[in-house]
Amino acid sequence: MLIPAIPAISQAKAIAQKGKELRKATQGLEAHFVHQLLTAMRRTVPNQPGGANAIYSDMMDESVAKQVAENGGIGIGNLLYDKLAPVFLRGMKAKDGQK
């Protein structure tokens, strides 16, 4: 009787893994968006230093953007995940022949 449950367990693990990958992808997209916002805002400040300072500023913006996205951010990553997860789950179930 335990044998039929094995495919269901492996499918649940696969769905959980794909859900984690989707979460990571949506956080990455949010981090990129926040980085672009910070970069655009930085360009509006007059007399910005160039050269190495500009590189360090961009690296700092990227790090801040990543931290913002990992900690809930501005909500874009969560919104994307909430909208994409059901579609993704239906696709995984359809792939396995379930309804």
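Everything discussed here concerns the structure shown above.
Residues numbered from 1 in each chain as written. Predicted model: local features only at pLDDT ≥ 70, side-chain atom pairs only at ≥ 80, totals over all residues. Heavy atoms only, no water.

(A) View of the overall build of the chain. Helix and strand content of the chain: 3 helices and 0 strands. Counting every position in the chain, which comprises 99 residues, the buried fraction comes to 17%. Carbon together with sulfur atoms contributes 65% to the accessible area of the chain, which is approximately 7500 Å² in total. (Helix = DSSP H or I, 4+ residues; strand = E, 2+ residues; numbered from the N terminus. Buried < 20%, exposed > 50% of the residue type's maximum accessible area, 1.4 Å probe, protein only. Areas by Shrake-Rupley, 256 points an atom, 1.4 Å probe, with all protein chains shown as cover.)

(B) Quick look at the pattern of salt bridges. Under the definition given, this model contains 2 salt bridges. Two residues, glutamate 21 and lysine 18, come together in a salt bridge whose shortest N-O distance is 3.7 Å. Of this pair, glutamate 21 and lysine 18 are both found in helix α1 (residues 5-43), 3 residues apart, which corresponds to roughly one turn of the helix. The shortest N-O distance in the salt bridge between aspartate 61 and arginine 42 comes to 2.7 Å. Within this pair, whereas aspartate 61 is found in helix α2 (residues 52-70), its partner arginine 42 is found in helix α1, the two being separated by 19 residues in sequence. (Salt bridge = Lys/Arg side-chain N within 4 Å of Asp/Glu carboxyl O.)

(C) Up close: α2. For α2, with 19 residues, the first-to-last C-alpha span of 27 Å sits near the 27 Å given by 1.5 Å per residue. Listed in full, the buried residues belonging to α2 are Ser57, Asp61, Ala65 and Ala69. Buried residues of α2, seen end-on, are gathered within an arc of 105 degrees and therefore sit on one face of the element. Residues of α2 that are exposed and angled more than 90 degrees away from the buried face: Ile55 and Tyr56. Residue glycine 72 follows α2 closely and has a positive phi angle near 100 degrees. (Expected span 1.5 Å × (residues − 1). Arc of directions from axis to C-beta.)

(D) Main features of a nonpolar patch on the surface. On the surface, a nonpolar cluster with roughly 380 Å² of combined accessible area is contributed by Phe33, Leu37, Met41 and Ile74. Along the chain, the position of phenylalanine 33 falls in helix α1. (Patch = residues over 30% accessible without salt bridge, like charges linked within 9 Å, V, L, I, M, F, W, Y side chains within 5 Å.)

(E) View of the side chain of threonine 26. Tracing the backbone shows threonine 26 in helix α1. Relative accessible area serves as the criterion here: at 4%, threonine 26 is assigned to the buried category. Residues in contact with threonine 26, not counting those within four places in the same chain, are Gly77, Leu80, Tyr81 and Leu84. (Contact = heavy atoms within 4.5 Å.)

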